[in-house]
Amino acid sequence: MQECEDFEGVRRGLAADGYEGAHAPRSGDKADGSSVFWRAEAFACEATETIDFETRGLKNNAAAIARLRPRADPRAPALVVGCVHVLFNPKRGDVKLGQLRVFAERAEAMRSGDPRDPSRAEVLLAGDFNAEPDSPLYHFALMGELDVSRVKRAVAQTRPGAARPTLNPGMGVILFAR
C-alpha cells in the first residue's frame, strides 16, 4: 500500500481480519509512507526492511519489503514482497531510477538472504512507479538494465561515461504498477 497515511489505523483494521504489516514512513514533512500487509495465518514473516531514500540522497520517498514463508509448507520457497512510491517529479528521472534501483537491489538482497534456498524465492514488487509503459524507467523495471548514456536526465541520469545500472535478470521479479 503506497501513500499509507495512517499505518496504525490500517494495521488495527486489518489485524481484526488476521493481517500483519510492515511500514516505511516518508521522511520530512510528509505523513504517508509505503506498507506491506500479509495474512498471518497464511504467511510467517521472516524479515522486513524499510528504505528511507532520503538517507541515500534520493528525495523523501520510502519503501517497505518483507520476506514471507507459507505456513502450510515451511519448505516452500519464500516470497519477498515490496511496496514503493517512486518520486512523481517528471524532471527527475535520475532520482526515480535511483529509487527503483535501490528498491530492486534491496528486494534481491532479501531474496538471496533466504536461509533455505534463495534460488527458489519469488519476488513481487508493487507500488506507484510513476513511469509510463513506454518509458526507459519502465524498461529498466522490466528488463533490469538501462543504458543511461542514451537518455535525457528527465528520464534517467546522463553524464559522460555513466554506468549502466543493471539488476540480476534471473531474480524472478514480478512488477505490479499502477
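Placed above this text is the structure.
Presented here is an overview of the structure given in this document. Given the structure is predicted, the values throughout are model-derived calculations rather than measurements. (Residues numbered from 1 in each chain as written. Predicted model: local features only at pLDDT ≥ 70, side-chain atom pairs only at ≥ 80, totals over all residues. Heavy atoms only, no water.)

1. So, the pattern of salt bridges
Cut-off, in case you're wondering: Only one rule defines a salt bridge in this text: a Lys or Arg side-chain nitrogen within 4 Å of an Asp or Glu carboxyl oxygen. Only protein chains enter the calculation, and the probe is 1.4 Å; a residue is then buried if its accessible area is under 20% of its type maximum, exposed if over 50%, and partly exposed in between.
In the structure shown here, the tally under the stated rule is nine salt bridges. Across the pair Arg-92 and Asp-94 runs a salt bridge whose closest N-O atoms are separated by 3.1 Å. Residue classification places Asp-94 among the buried residues on the basis of a relative accessible area of 11%. The partner of Arg-111 in a salt bridge is Glu-108, and the shortest N-O contact between them spans 2.9 Å.

2. With respect to the pairing of strand E6 (residues 122-128)
Rules: DSSP calls a pair of strands paired once it identifies at least 2 bridges connecting them. Segments assigned H or I by DSSP are reported as helices when at least four residues long, segments assigned E as strands when at least two residues long, and all are numbered from the N terminus.
Of the strand pairs in this sheet, strand E5 (residues 79-85) and E6 are connected by seven bridges, and their pairing is parallel. Residue pairing across strands places Gly-82 opposite Leu-125, the latter belonging to E6.

3. Observations regarding the environment of Ala-66
Selection criterion: Should any heavy atoms of two residues lie within 4.5 Å, those residues are considered in contact.
Tracing the chain through its elements places Ala-66 in strand E4 (residues 62-70). For Ala-66, a relative accessible area of 0% translates into the label buried. Along the primary structure Ala-66 and Glu-46 are separated by 20 residues, whereas in three dimensions their C-alpha atoms are 7.5 Å apart. Other than its neighbours up to four places away in sequence, Ala-66 contacts Val-36, Trp-38, Cys-45, Ala-47, Thr-48, Leu-79, Val-80, Val-81 and Met-110.

4. Here's the deal with unusual backbone geometry
One non-glycine residue, Glu-3, lies in positive phi territory at about 60°. One can find Glu-3 in the segment before helix H1 (7-15). The class of Glu-3 is partly exposed, set by a relative accessible area of 37%. The phi dihedral of Asn-130 falls on the positive side, at around 45°, and the residue is not glycine. Tracing the backbone shows Asn-130 in the loop between E6 and helix H3 (136-143).

5. Examining the nonpolar core
To keep things clear, this is the line we draw: Residues belong to one nonpolar core when they are buried, are Ala, Val, Leu, Ile, Met, Phe, Trp, Tyr or Cys, and are joined through side-chain atoms within 4.5 Å.
Core analysis: the biggest nonpolar cluster contains 25 residues, and Ile-51, Phe-53, Ile-65, Val-84 and Phe-103 have the highest contact counts within it. Secondary-structure elements contributing two or more residues to this core are E4, E5, helix H2 (93-112), E6 and H3. Of all the elements, H2 adds the most residues to this core, at eight residues. The contact partners of Ile-51, leaving out residues within four places of it in the chain, are Ala-24, Arg-56, Asn-61, Ala-62, Ala-63, Ile-65, Val-102, Phe-103 and Arg-106.

6. Observations concerning a nonpolar patch on the surface
Worth spelling out the cut-off: The residues that make up patches have over 30% relative accessible area and no salt bridge, and they are joined within 9 Å when like-charged or within 5 Å when they are Val, Leu, Ile, Met, Phe, Trp or Tyr. All accessibility values rest on the Shrake-Rupley procedure with a 1.4 Å probe; residue burial counts only the protein chains present in the view.
Among the surface-exposed residues, Tyr-138, Leu-142 and Met-143 lie close enough to one another that they form a single nonpolar patch of about 300 Å² accessible area. Structurally, Met-143 is set in helix H3.

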